[in-house]
Amino acid sequence: MRGAGGAGPWCLALCLLSAGAAWAQTPSAHAPALPYAGPLFDAHLHYNYEAQQPHPLPDVLARLQRSGVRAALVNSRPNAGTLSLAAAREATAAAGLRLVPFVRLYRNRADYDTWFADASIYQMVLDELARGTPAGPYRGLGEFHLYDSAHADGPVARQLMQLAAERGLLVLAHVDDVAIEKLMAHAPSARMIWAHTGIGGVPLERVRELLARYPSLMGELSYRPGLLEDGRLTAAWRSLLSEQPGRFLLGSDTWINARWQYYEALMTQARVWLGDLPPAAARQIAWGNGAALFGLD
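To start, this report covers the structure provided alongside it.

What counts, and where the lines are drawn
- Residues numbered from 1 in each chain as written.
- Predicted model: local features only at pLDDT ≥ 70, side-chain atom pairs only at ≥ 80, totals over all residues.
- Heavy atoms only, no water.
- Helix = DSSP H or I, 4+ residues; strand = E, 2+ residues; numbered from the N terminus.
- Buried < 20%, exposed > 50% of the residue type's maximum accessible area, 1.4 Å probe, protein only.
- Contact = heavy atoms within 4.5 Å.
- Areas by Shrake-Rupley, 256 points an atom, 1.4 Å probe, with all protein chains shown as cover.
- Core = buried A, V, L, I, M, F, W, Y, C linked by side-chain atoms within 4.5 Å.
- Pairing = 2+ DSSP bridges.
- Axes fitted to C-alpha atoms, helices over the stretch in contact; angles between N-to-C directions.
- Parallel < 35°, antiparallel > 145°, perpendicular 65-115°, else oblique.
- Nonpolar A, V, L, I, M, F, W, Y, C, P; charged D, E, K, R; others polar.
- Patch = residues over 30% accessible without salt bridge, like charges linked within 9 Å, V, L, I, M, F, W, Y side chains within 5 Å.
- Salt bridge = Lys/Arg side-chain N within 4 Å of Asp/Glu carboxyl O.
- Phe/Tyr/Trp six-rings, centres within 6.5 Å; stacked < 30°, edge-to-face > 60°.

A short note on the overall build of the chain
Per the secondary structure count, the chain includes 12 helices and 10 strands. Within the chain, the fraction of its 297 residues that count as buried is 51%. In the chain, the share of contacts with a sequence separation of at least 24, taken over all contacts with a separation of at least 6, comes to 77%. In the form shown here, the chain has an accessible surface area of approximately 13,400 Å², with 59% of it arising from carbon and sulfur atoms.

Right under this line is the structure:
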């Protein structure tokens, strides 16, 4: 008893010193990470028909500028919205914004359910590609949806994947993991952005499997189930994004007007969780990957 009691004060002092040293070496465990403060590339931006009256071009450009967005992958239903943004070259330049236009496959909402087997959609895409945009040529196809993965084998889905591969166009696809495999089988050399990195919360191990199988597949992170908990990255997603930062892109998905109304808040939230990553990984996901895909400065 005497020996144990005599050692107590020394043991307490050593324990306190050790704890203090450990805390000093690992401050991230006790202090929140700083938000990412660099440029953003929004890889999933819509300017659909119903957004254009409540959010005219000056409003849209101001929201992007205030959010620190320096480039955006733009598509719309119908394609007139994309063309109107692309035509505002002086305004976009003044906002410090670069646009990457994509051809969307939809003239109206009915096309969502039938495009994969509609020959008129294929012809519409060819016509749009031939016309181009005031900001330059289209750089990709999509966003398109497949609510049944079997429709990935539709004749127009197959033709468009092959067209994208032949012309070096990227594809933005809102599909499940089974459809990814079917679409890539039509055109193994195609480059694809997987909207939301899988609908319905595709398991993380399945995401890893598909990234390993298809080197040209990129994951876009808007609406991704399981990505965040209380506004911060979950441990599993922080691990994956830190390990493979070259495979992911940031996106807003302004598919409804509410996403435009809260656009700045969406980008602020993204900056918070990007701050959970190593700085180099955060910048790559936020800006570098999109800039590299489309040859931006």
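Picking up after the structure, the text goes on.
Side note on the nonpolar core
Counting 94 residues, the largest nonpolar core has Trp115, Phe144, Leu183 and Leu241 as its most contacted members. Considering each element in turn, this core owes the most residues, seven residues, to helix α12 (residues 279–293). Those residues in contact with Phe144, other than ones at most four positions away along the chain, are Leu105, Tyr106, Trp115, Val171, Leu172, Ala173, His174, Val175 and Leu183.

Quick word on the environment of Leu240
With respect to the helices, strands and loops of the structure, Leu240 is situated in helix α9 (residues 235–243). A relative accessible area of 0% places Leu240 in the buried class. Along the chain, Leu240 and Leu204 lie 36 residues apart, while their C-alpha atoms are 8.6 Å from each other. Apart from residues lying up to four places away in sequence, Leu240 is in contact with Leu204, Val207, Arg208 and Phe248.

As for the sheet that holds strand β3 (residues 98–103)
Spatially, β1-β2-β3-β4-β5-β6-β7-β10 is the arrangement adopted by the eight strands of the open sheet, whose pairing is parallel. Unpaired on one side and paired on the other, β1 (40–46) and β10 (248–249) mark the two borders of the sheet. Sheet topology note: the strand β7 (residues 217–220)/β10 ladder contains two bridges and is parallel. Paired with Glu220 across the bridge in β10 is Leu249. Against the sheet, helix α11 (residues 263–274) makes contact with β1 and β2 (69–75), and its axis sits at roughly 135 degrees relative to β1, the strand it touches most.

Quick look at the packing of helix α8 (residues 204–213) against α9
Interaxial distance between α8 and α9 falls to 11 Å at its minimum, and their mutual angle equals 10 degrees. Classified by the angle between their axes, α8 and α9 sit roughly parallel to one another. On the side of α8, the interface is formed by Leu204, Val207 and Arg208, while α9 contributes Ala236, Trp237, Ser239, Leu240 and Glu243. Here the residues of the contact of α8 with α9 are counted per class, giving five nonpolar, one polar and two charged.

A closer look at a nonpolar patch on the surface
Taken together, the side chains of Tyr223, Trp255 and Ile256 define a hydrophobic patch exposed on the protein surface, amounting to about 290 Å² of accessible area. Topologically, Trp255 is positioned in the loop between β10 and α10 (257–261). Look at Trp255 and you get partly exposed, because its relative accessible area is 40%.

A look at the packing of aromatic side chains
Enumeration over the complete set of coordinates arrives at nine aromatic pairs. Within the aromatic cluster, the residues linked to one another by ring pairs are Phe41, Phe102, Trp287 and Phe294.

Digging into the pattern of salt bridges
Going through the model one piece at a time under the given rule, you end up with 18 salt bridges. A salt bridge links Glu50 to Arg109; the nearest nitrogen and oxygen atoms lie 3.3 Å apart. With Glu50 in the loop between β1 and α2 (57–66) and Arg109 in the loop between β3 and α5 (119–131), this residue pair connects regions lying 59 residues apart in the sequence. Its relative accessible area of 48% is what places Arg109 among the partly exposed residues.

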